[in-house]
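Inside the fold
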Amino acid sequence: MLPEKKKFEGAWNVLENKEERFERDIETSLTNEGGWESVAFKDTSYDPQLGLDVSVLLSFIRETQPKAWKRYEKVYRNDADTKFIKRFNEEVNAHGLLHVLRKGIKDRGVSFKVVYFRPVSSLSYENIKQFEANRFQCIRQFAYSNKNRNTIDMVLAVNGIPLVALELKNQYTGQNVEHAKVQFENGRDPSEIVFQFNKRFLVYFAVDHFEVYMTTKLEKNKTYFLPFNQGSNGAGEVGGKGNPHNTDGYPTAYLWEQVLHRNQLMDIIERFMNFEVKKNILIFPRYHQLDVVNKLVQDVAEHGSGKNYLIQHSAGSGKSNSIAWLAYHLASLHDRENTPIYSSIIIVTDRTVLDRQLQDTITSFEHTTGQVETIGDNKSSQDLKNAINDKKKIIITTLQKFPVIYQEVDAVEGRRFAIIVDEAHSSQTGRSAQKLKQALADKEASLKEYQEIEEDIENQTLDDQDQLVQTLLSQGQHHNLSFFAFTATPKEKTIEMFGTKQADGSFRPFHIYSMRQAIEEEFILDVLKNYMTYKTSYRIAKEIEENPELPKTEAVRAIARYQSFHPWVLRQKTEVMVEQFREVTKKAIGGRAKAMIVTPSRLHAVRYMKEFKAYIKEKGYSDLDVLVAFSGTVTDDDKEYTESNMNITKDGERVKENQLKETFHSDDFNLLIVAEKYQTGFDEPLLHTMFVDKKLRGVKAVQTLSRLNRTMQGKKDTFILDFVNTEEEILEAFQPFYEVTTLKEEVNLNLIYDTQSKLRKFALYNDDDIAQVMKLVKQAQKKQDERLLGRMSSLFKPVIQRYEDLPEDTQYEFRVTLRNFGKWYNYVAQLDRTFDMELLEENIYTSYLLKFIPKEKREKVDIADKVKLEYYKLQKDFEGEIMLVAESEEGGELKHPEEFNANVKPVEERDSLEEIIYRINERFPDDFSPQDRVIVETLHKAFTQEVDAKIVNMAKNNSQEMFENSLFKDVFLDRVMDEYTKNSEAYQRLIGSDDSYFKTVYAFIAADVYKTLRSEV
């Protein structure tokens, strides 16, 4: 054999046979760099029955807390060691190991710490010394049991308590992370003391060269492992599952080099891990959560307050926990002089009901008693003001509470605030968000900047400035405010306001956990995997002899509305949805799956609710029941409907609005019809199917359809049936948010001046008009009298008269330009401190003016008695997966408008009803068959327009059940035969072999005829 060949074979044998090499490499890193001491298992005094190294634990206690131990020995004398371990186990059994590690134990008035955590500041030498006194031991081949000779590859123990277990697999030996997971599941008995939940080990890692998985609870084959990987392109970057290539070592080296470094691990135990009582689970941060908190904290520590951060984390990222952990870390963050960086951390959420999980997580940590204030629905804006002024450390509230108190917050000179925005979107760029800044901005600091520009107010104090100057001072970014904005679907304004500016002028998020990665790691389901679209075709016919001229746009809208509300259309869609639910959805998630029906309006929701109820009753489906969700009151057929009076339980009880989520989650209901409710922020893992009958675009489409993506045991897929949107439209909506959403360039701030110039060209008002109104506005800030409001209104009257003299198309252009000016001013003002008093005054003036502008006059068109639905066809158009594109270069790039145009609409044209109908029908292919003819309308009119006294008598003197099930049947069949002789093709399907179609038409006609005739007698 050649020497070179022999040498290479020897090297290969070393790689193949030395599987302990992987262990040794990890151990070397942990001991040389990670702060751990390597200890051979044979040199420990580990007791398998106790799951502890008692000698190490007691030695730590005696050395670090000698006075307490001396007192303890006086109480128990020679039994002190035994009693201590007994008390330790009692506390662990009662409260869990995590609690004992954080809070310590207490026995007969003597308190002990079983570990010491790192101090948040470096001032306390004593606390640093205590942390260094912990015994950090790395033990390989850990023989955990006296029942067998099994060993765990590596264990990390602190003060004799085993906390972290690692099973390591080496690809060179033909094994990988899946073998490690199986070893934990099948080879480790959860009844052993060391594996009992929250008693000893807090986390278990399955590791190979390429991947890491983690769990906190061993339950045999029910053990649930979570991926603990960085992502294919590294943490916080765009990518999918897995880990990137590592030029310096193993792709999984981040686990032992970063996460298991003793400082980081102890921080995780102290300030990340959380025990959820209701679910009986221990939460260990996923890698992207740990990474985003660490990176944000490091950046703030380096740069201080005053920066904004955008965190684009997908649904399924564990956002509530990430926010809680970030808040807790920021609350204790100190600068180089060991001064807290922030006075208060304010968590702002758009949710009406604040996330209970978020509150529970924050308040579970140590040192926060009395320092976490929640301003929920049961508290007022005054409570929020008090919490800020009382310097509460962490405040949780809604954005809506800020406008009320922005003038009342005490001076905040020298105080700094971290504002964490939950689900940031365009609401953060409007007036409420601006008021939030006004409430918290350090106006003294801003005044100095203002004084440099405006010399004439240099010697005035802030108290002498009116509200206008205060508004100016709160604009733009402030050194004392840091915003941390979390969202899965950032819009252009959100990216510019909170994103990080790049060298090329573009903006991007500070940290990313993409929808792609969340799907690939199976934290959420891909809602576009099973998508079905239906195409609707219809033909309208003129019902009257006359041919009136109508406004074209309004007439087309009216006909579309007529079609969408047509009873037969609602009936056909209801049938498709219910039968699809029974065929597909009912079998999913062990028969517990639920569906949501998304409707375009509250009236649609009410009509659909009636139709679903009627269809389910008619078919005798005892396993289906439906709820509806809409706000306020809807009037239909002179009857008022509310959510609560339409939602009735099986026991006949009304379902209150605050009970609806819980009621829907129960086994009694499986369908939920919604109109602008529960399309965002609704978390129901049993939701499997969505029926969409509403146009969805952009962010709204992503947020609505993503209600389905929550995972749970037994939920393998989702299903969407869409009556309105096309496959291409949904792809266009989702693609920008699949990986990372960026902004090409910042908005041109000077566009606001262009819009201002456009407004002035209408010559409706001038500087003098603005000055007169502003004089009254300033007067109102000091004192109002009974005439002031009237005087202000009078000033706007001439302007409104000039407006009304304009042509209709010019009025439209002015209205849109006026709205654009206000909308963009509020946005631009937060991006930069313009310190332009004239622009601010014009914004205030135009905001008042807009309230006086008469609403657009629309000619109402009633076509109910002028047209009829002649043909209607509902057919499947697409079925399959809508494929999102990974690594699309411009897929997620958004752009600002280059100018704020009014997009002037043309003058409303009028056309004949015949021509309008012709244009509508022209959109659909002429492929209707006789079976597509809507014969119910003809039959309904046959019974209700030429009233037969015999039928009226039947309706008047009998119940609906008697009328439908018996009396009306023969009369109906006779009339059908009469119509059949006139048009056999149209009625062929009705009297043919399709019994279900006949029953559907009969039930539809019988119920409606009974209702119509009863109302007329």
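Residues numbered from 1 in each chain as written. Predicted model: local features only at pLDDT ≥ 70, side-chain atom pairs only at ≥ 80, totals over all residues. Heavy atoms only, no water.

Time to look at the overall build of the protein chain. Tallying secondary structure elements over the protein chain gives 38 helices and 35 strands in all. Taken over 1017 residues, the protein chain has a buried fraction of 54%. When contacts within the protein chain are restricted to residue pairs at least 6 apart in sequence, those whose partners lie at least 24 apart make up 76%. (Helix = DSSP H or I, 4+ residues; strand = E, 2+ residues; numbered from the N terminus. Buried < 20%, exposed > 50% of the residue type's maximum accessible area, 1.4 Å probe, protein only. Contact = heavy atoms within 4.5 Å.)

Taken as a whole, the protein chain shows an average pLDDT of 85; of its residues, 88% reach a score of 70 or greater. For the protein chain, the element scoring lowest by mean pLDDT is helix α1 (residues 3-17), at 49; strand β9 (residues 203-207) scores highest, at 98. (pLDDT = per-residue confidence, 0-100.)

To continue, consider the side chain of Asp693. With respect to the element layout, Asp693 can be found in the loop between β30 (687-692) and α26 (698-705). Within polar-contact distance, the side chain of Asp693 engages the side chain of Tyr608 at 2.7 Å. Discounting chain neighbours no more than four positions away, the residues touching Asp693 are Lys573, Val598, Thr599, Pro600, Tyr608, Phe723 and Val724. (Polar contact = N/O pair within 3.5 Å; in protein donor to acceptor, adjacent residues only side chain to side chain.)

As a further point, take the packing of aromatic side chains. Applying the stated criterion across every chain, the model contains 48 aromatic pairs. Taken together through their ring pairs, the aromatic side chains of Tyr144, Phe184, Phe195, Phe201, Tyr204 and Phe225 make up a single cluster. Sitting above the plane of the Phe523 ring, Arg286 keeps its charged end 3.3 Å from the centroid. (Phe/Tyr/Trp six-rings, centres within 6.5 Å; stacked < 30°, edge-to-face > 60°. Lys NZ or Arg CZ within 6 Å of the ring centre and 35° of its normal.)

Moving on, we get to the pattern of salt bridges. What the rule picks out here adds up to 44 salt bridges. Each member of the salt-bridge network shares a partner with another, and the members are Lys86, Arg87, Glu90 and Glu91. (Salt bridge = Lys/Arg side-chain N within 4 Å of Asp/Glu carboxyl O.)

Within a sheet, adjacent strands bond to each other through the backbone by hydrogen bonds, running parallel or antiparallel. Strands sit in the order β1-β6-β7-β8-β9-β10-β11 across an open sheet of seven strands; the sheet is mixed. If you trace the sheet from one side to the other, it starts and ends with β1 (37-40) and β11 (226-227), each paired once. (Pairing = 2+ DSSP bridges.)

A cluster of acidic residues, Asp651, Glu653, Asp667 and Asp668, forms a negative patch at the surface. Here Glu653 is to be found in the loop between α24 (643-646) and α25 (660-665). Residue classification places Glu653 among the exposed positions, given a relative accessible area of 51%. (Patch = residues over 30% accessible without salt bridge, like charges linked within 9 Å, V, L, I, M, F, W, Y side chains within 5 Å. Areas by Shrake-Rupley, 256 points an atom, 1.4 Å probe, with all protein chains shown as cover. Lys, Arg positive; Asp, Glu negative; His and termini not counted. Charge placed at Lys NZ, Arg CZ, Asp CG, Glu CD.)

A separate point is helix α3 (residues 54-64). Most of α3 sits out of view: eight of its 11 residues are buried. Buried within α3 are the following residues: Val54, Val56, Leu57, Leu58, Ser59, Phe60, Ile61 and Thr64. Where α3 is buried, its residues contact β3 (52-53), α4 (66-76), α5 (80-95), β5 (110-112), β6 (136-142) and β8 (161-168).

Below, the discussion takes up the environment of Lys379. If you trace the backbone, Lys379 turns up in the loop between β16 (372-374) and α14 (381-389). Lys379 gets classed as partly exposed once you look at its relative accessible area, which sits at 29%. C-alpha separation for the pair Lys379 and Lys401, spaced 22 residues apart in sequence, amounts to 9.7 Å. Here the side chain of Lys379 touches Glu373 through a polar contact of 3.1 Å, side chain to side chain. In this structure the side chain of Lys379 is engaged in a polar contact, spanning 3.2 Å, whose partner is the backbone oxygen of Thr374.

Below, the discussion takes up the sheet that holds strand β29 (residues 671-674). Read across the open sheet, the seven strands follow the order β26-β29-β25-β30-β31-β23-β33; overall the sheet is mixed. The open sheet has two free edges, formed respectively by β26 (626-629) and β33 (867-880), since each of these has just one partner strand. Looking at each pair of strands side by side, their axes are set apart by 15 degrees on average, direction ignored. Helix-sheet contacts for helix α22 (residues 567-583) involve β23 (531-542), β25 (594-598), β29, β30, β31 (719-722) and β33, and the interaxial angle to β33 is about 25 degrees. (Axes fitted to C-alpha atoms, helices over the stretch in contact; angles between N-to-C directions.)

Packing of helix α11 (residues 287-303) against helix α12 (residues 319-331) brings their axes to within 10 Å, and their N-to-C directions diverge by 30 degrees. Classified by the interaxial angle, the pair formed by α11 and α12 is roughly parallel. Considering how the two elements wind past one another, α11 and α12 form a crossing that is right-handed. Within the contact between the two elements, α11 uses Gln289, Val293, Leu296, Val297 and Val300 and α12 uses Asn321, Ser322, Trp325, Leu326, His329 and Leu330. Along the lines of polarity and charge, the residues of the contact of α11 with α12 split into seven nonpolar, four polar and no charged. (Parallel < 35°, antiparallel > 145°, perpendicular 65-115°, else oblique. Left-handed = near helix turned anticlockwise from the far one by under 90°. Nonpolar A, V, L, I, M, F, W, Y, C, P; charged D, E, K, R; others polar.)

Take unusual backbone geometry next. One non-glycine residue, Asn159, adopts positive backbone phi at about 55 degrees. Locating Asn159 in the fold gives a position in the loop between β7 (152-158) and β8. For Lys220, which is not a glycine, the phi torsion comes out positive at approximately 55 degrees. Residue position: Lys220 is located in the loop between β10 (212-215) and β11. Judged by relative accessible area, Lys220 falls into the partly exposed class, the value being 38%.

Tracing the chain through its elements places Thr726 in the loop between β31 and α27 (727-734). For the pair Thr726 and Lys695, spaced 31 residues apart in sequence, the C-alpha to C-alpha distance is 9.7 Å.

Moving on to helix α21 (residues 552-565). When the terminal C-alpha atoms of α21 are compared, their 20 Å separation across 14 residues agrees well with the 20 Å that a helix rising 1.5 Å per residue should span. Taken together, the buried positions of α21 are Glu554, Ala555, Ala558, Ile559, Tyr562, Gln563, Ser564 and Phe565. (Expected span 1.5 Å × (residues − 1).)

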